Amino acid sequence: MQTTSLYQQVKNAITPYTDEHKTAFTVALSGGVDSVVLLHIMNALKAEIPQLQLSAVYVNHGLSQYGDDWQHFCEKLCAIVKVPFYSAQVKITNKSRTSLEELARDARYQALDQHSPSGSIILLGQHLNDQLETFLLRLKRGSGLQGLASMRQTRTLSSGRECLRPLLNTTRHSIEQFATEFKLDHITDDSNTDERFDRNFIRQQIVPLLSERFTGFEKSAARSVNLLQQQQDVLDEYTQLDLRQCQNTQQGLSCLQLANFSAARQANVLRCWLGQFTTLMPSQQQTQQILTQGLTAKADAQLLIQLTDGQVRRHQKFLYFVRETTVPDSQSLTAQNQLLSDGRTLIQLSGIGVRKPLLDEHVSVQFNCPQARIKPLKKPGHNSIKHWFKDAKVAPWLRANVPLIFYNEQLVYVVGHFISAEHADEKGIFWEIKT
C-alpha cells in the first residue's frame, strides 16, 4: 500500500499539518469506497508517522432505511483496524429554497464538528468526480465565478475546525481500483443510482459520456476548476481592499463610497459584505434592488429589503444587515447584575449618572417606549425618546432594544445614551449592558 500513488498523495496532503505538529485526524466515514480507502491509508500512515492520532465519525442522516446497517459496518471496520469510532444521529428539517442535499450536508458538517475529538482535522473523502459533478451542478444553476470554483481542498467551519479533502485530485476509478487491489470491503449506496436526483443523473449519464468523447476530460476539467479558484483568490484580495474602503466600524456599508465603483464592482463588494453575515446570497434581482434603492434614496429614506435570513436597511447613508430580534420584557430592577429576557445582562455601577432611587420609587427597566419623555443632560428641553434617538442618529432598528430605566413612571436613564438632567448626580449610579 505504501508504494501506491494514492498513499503518497494522501501523505503529501497531510504533511503540511504534521509539519506544524497537528497530528490528530478524524475520517468522515460513510462506509462508501472513498472514505473506506481514506481510512485504510491513514491507518497505514500511522506506521510511518507514529505520532499520528486517528479516529472516525459516522453520521446517520436518517434518510435511508439502511442507515443503521451502514453505521454497524463502519463501527465493525474501525474495531478491526483499531481506530476509535464515533457515531452521530441527525434530524433533517425541510426549509424553503433549500434542497435536501444542502440540508443533509450542513447537518453532516455540524455533526462531524461536534463529535470529532477536540483539535482534530476532519478528513473528507470527496474526490475528482465529486468535484466535477459539483461544477456541472453549479453551471446548471447559473453560478458565478465563486460557485464554479466548486470545492476547495481545505475548508474551515464556522467553529474554526479545519477540514481537508486529500483525495480531491483523484478520480473515482483510481479509488475503486485501489479498493479492489487491496480487497477493501465497502458499502454501495443504491440511492446513488437514482437519477431523479440531479447529481446522480450527472454521475450516471453526463460525465461518462463526456469522458468517453474527450480523452482526459476529468483532469482537464479539474485544471479549469483550479484556475477558477486561483482567479477567485485574486478577486477576493481586491474585493477585501474595496470593502475596507466602504465599511465603517459598525460593519455598515458606505453608499457614498460604493457609488464611486462600476456596477459590477458594486455588486461584488455588496456580496462580499453580505457574506460576513449570511451564506444565503440575494438573487440578481434583489442585488440590483439593494444597489438601486441604496444608492439613489434620499438621505432620510427608510430602506428595508427583506432577504432570507435578515434585512438590508439604510441609515445615515450606510447599508446595514439586520436580523429581527425580540424586544426584551420589562422587569423590576432588584439586583446589580440583572439578567434580561434576551440573554443580555444589565449591570449597575457607581459614578456619574442619576441619583439613587428614593425609598418610595420603584426601579424598572422597560423597552420600546418611543413616546416616553426625558430632558437629557446638556440638551435643550423635554422631548420624546423617539426625538432624542433621531437627534443622536441611533438606527431605528436598534432603538427598541435599548434599556430604559424608570423611577416609578419617570424615565431617568437611557442606557448608553442619555441621563435625565433632573436626576443627574456625579456620585450617583448608572447602568451598562453586557452581551
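Residues numbered from 1 in each chain as written. Predicted model: local features only at pLDDT ≥ 70, side-chain atom pairs only at ≥ 80, totals over all residues. Heavy atoms only, no water.

An unreviewed UniProt entry lists the chain under the name tRNA(Ile)-lysidine synthase, from Pseudoalteromonas neustonica. Reading the Catalytic activity (unreviewed entry) entry of the UniProt record for the chain gives the comment "cytidine(34) in tRNA(Ile2) + L-lysine + ATP = lysidine(34) in tRNA(Ile2) + AMP + diphosphate + H(+)". For the chain, the Subcellular location (unreviewed entry) comment in UniProt is given as "Cytoplasm". (UniProt positions renumbered as here; feature names shortened; annotations may be inferred.)

Moving on to a nonpolar patch on the surface. Side chains of Val 234, Tyr 238 and Leu 241 sit close together on the surface and give an oily, nonpolar patch of about 310 Å² of accessible area. Looking at where Val 234 falls in the secondary structure, it is placed in helix α9 (residues 217–246). (Patch = residues over 30% accessible without salt bridge, like charges linked within 9 Å, V, L, I, M, F, W, Y side chains within 5 Å. Areas by Shrake-Rupley, 256 points an atom, 1.4 Å probe, with all protein chains shown as cover. Salt bridge = Lys/Arg side-chain N within 4 Å of Asp/Glu carboxyl O. Helix = DSSP H or I, 4+ residues; strand = E, 2+ residues; numbered from the N terminus.)

Pairing is antiparallel in the open sheet, where 3 strands are placed in the order β12-β13-β20. Strands at the two margins of the open sheet, each flanked by one partner only, are β12 (337–339) and β20 (424–434). Within this sheet the neighbouring strands show an average axis-to-axis angle of 30°, counted without direction. In the sheet, strand β13 (residues 345–354) pairs with β20 via 10 bridges, with the strands oriented antiparallel. Its bridge partner lying in β20, Gln 348 is registered against Trp 431. (Pairing = 2+ DSSP bridges. Axes fitted to C-alpha atoms, helices over the stretch in contact; angles between N-to-C directions.)

The next thing to look at is the sheet that holds strand β14 (residues 363–366). Spatially, the 5 strands line up as an open sheet ordered β11-β14-β17-β18-β19, and their pairing is antiparallel. If you trace the sheet from one side to the other, it starts and ends with β11 (331–332) and β19 (418–419), each paired once.

To continue, consider the packing of aromatic side chains. Within the structure shown, the criterion is met by 8 aromatic pairs. Ring geometry for Phe 277 and Phe 321: centres 5.4 Å apart, planes at 5°, overall stacked. Here Phe 277, found in the loop between α11 (263–274) and α12 (284–296), pairs with Phe 321, found in strand β10 (residues 318–322); they are 44 residues apart in sequence, far enough to count as distant. Exposure class is identical for Phe 277 and Phe 321. Each is buried. When the ring of Phe 389 is compared with that of Phe 418, the centres are 6.3 Å apart and the planes differ by 40°; the resulting orientation is tilted. Here Phe 418 lies in strand β19 and Phe 389 lies in helix α13 (residues 385–391), a separation of 29 residues in the sequence. Phe 418 shares its class with Phe 389; the two are buried. In this structure an aromatic cluster arises from ring pairing among Trp 273, Phe 277 and Phe 321. (Phe/Tyr/Trp six-rings, centres within 6.5 Å; stacked < 30°, edge-to-face > 60°. Buried < 20%, exposed > 50% of the residue type's maximum accessible area, 1.4 Å probe, protein only.)

What follows is about the UniProt feature "binding site: ATP" (unreviewed entry) in the chain. The positions UniProt marks with the feature "binding site: ATP" (unreviewed entry) are Ser 30, Gly 31, Gly 32, Val 33, Asp 34 and Ser 35. Within the secondary structure layout, Ser 30 lies in the loop between β1 (24–28) and α2 (33–48). Judged by its relative accessible area of 33%, Ser 30 falls in the partly exposed class. Beyond its immediate sequence surroundings of up to four residues, Ser 30 is in contact with Ser 35, Tyr 58, Trp 70, Cys 74 and Ile 187. (Contact = heavy atoms within 4.5 Å.)

Another point: α11. Between its first and last C-alpha, α11 extends 17 Å over 12 residues, near the 16 Å set by a 1.5 Å rise per residue. Among the residues making up α11, those that are buried are Gln 266, Ala 267, Asn 268, Val 269, Leu 270, Trp 273 and Leu 274. (Expected span 1.5 Å × (residues − 1).)

This part takes up α2. Side chains three or four residues apart in an α-helix point the same way, a direct result of the helix having 3.6 residues per turn. Between its terminal C-alpha atoms α2 stretches 23 Å, which fits the 22 Å expected from 16 residues at 1.5 Å a residue. Among all positions of α2, only Val 33, Asp 34, Ser 35, Val 36, Val 37, Leu 38, Leu 39, His 40, Ile 41, Met 42, Ala 44 and Leu 45 are buried.

Tracing the chain through its elements places Asp 130 in helix α5 (residues 128–140). At a separation of 3.1 Å, a polar atom in the side chain of Asp 130 contacts the main-chain amide nitrogen of His 127. Excluding anything up to four places from it in sequence, Asp 130 contacts Asp 34, Gly 125, Met 151, Arg 172, Arg 199 and Arg 203. (Polar contact = N/O pair within 3.5 Å; in protein donor to acceptor, adjacent residues only side chain to side chain.)

Counting 39 residues, the largest nonpolar core has Phe 25, Val 37, Leu 39, Met 42 and Leu 45 as its most contacted members. Among the elements that make up this core, the one with the highest residue count is α2 (9 residues). Filtering out sequence-adjacent residues up to four positions away, Met 42 remains in contact with Val 10, Ile 14, Phe 25, Val 27, Leu 52, Leu 54 and Leu 123. Core analysis: the second largest hydrophobic core is formed by 20 residues, Leu 258, Leu 291, Leu 303 and Leu 319 among them. (Core = buried A, V, L, I, M, F, W, Y, C linked by side-chain atoms within 4.5 Å.)

Turning next to the packing of α2 against helix α3 (residues 67–81). In the contact formed by α2 and α3, the axes pass within 11 Å of each other and the chain directions differ by 15°. On the basis of the axis angle, α2 is roughly parallel to α3. Two packed elements cross with a definite hand, and for α2 against α3 that hand is right-handed. Between α2 and α3, the contacting residues are Val 36, Leu 39, His 40 and Asn 43 on the first element and Phe 73, Leu 77, Cys 78 and Val 81 on the second. Taken together, the residues that form the contact of α2 with α3 break down as 6 nonpolar, 2 polar and no charged. (Parallel < 35°, antiparallel > 145°, perpendicular 65-115°, else oblique. Left-handed = near helix turned anticlockwise from the far one by under 90°. Nonpolar A, V, L, I, M, F, W, Y, C, P; charged D, E, K, R; others polar.)

Moving on, we come to the UniProt feature "domain: Lysidine-tRNA(Ile) synthetase C-terminal" (unreviewed entry) in the chain. In the UniProt entry, the feature "domain: Lysidine-tRNA(Ile) synthetase C-terminal" (unreviewed entry) is given for residues 363–431. Measuring from the first to the last C-alpha atom of residues 363–431 gives 12 Å, for a span that is 16% helix and 39% strand.

Counting through the fold element by element, Glu 48 comes out in helix α2. For Glu 48, a relative accessible area of 39% gives the class partly exposed. Taking C-alpha positions, Glu 48 is 66 Å from Ile 429, a pair spaced 381 residues apart along the chain. Not counting residues up to four positions away in its chain, the partners in contact with Glu 48 are Tyr 7 and Lys 11.

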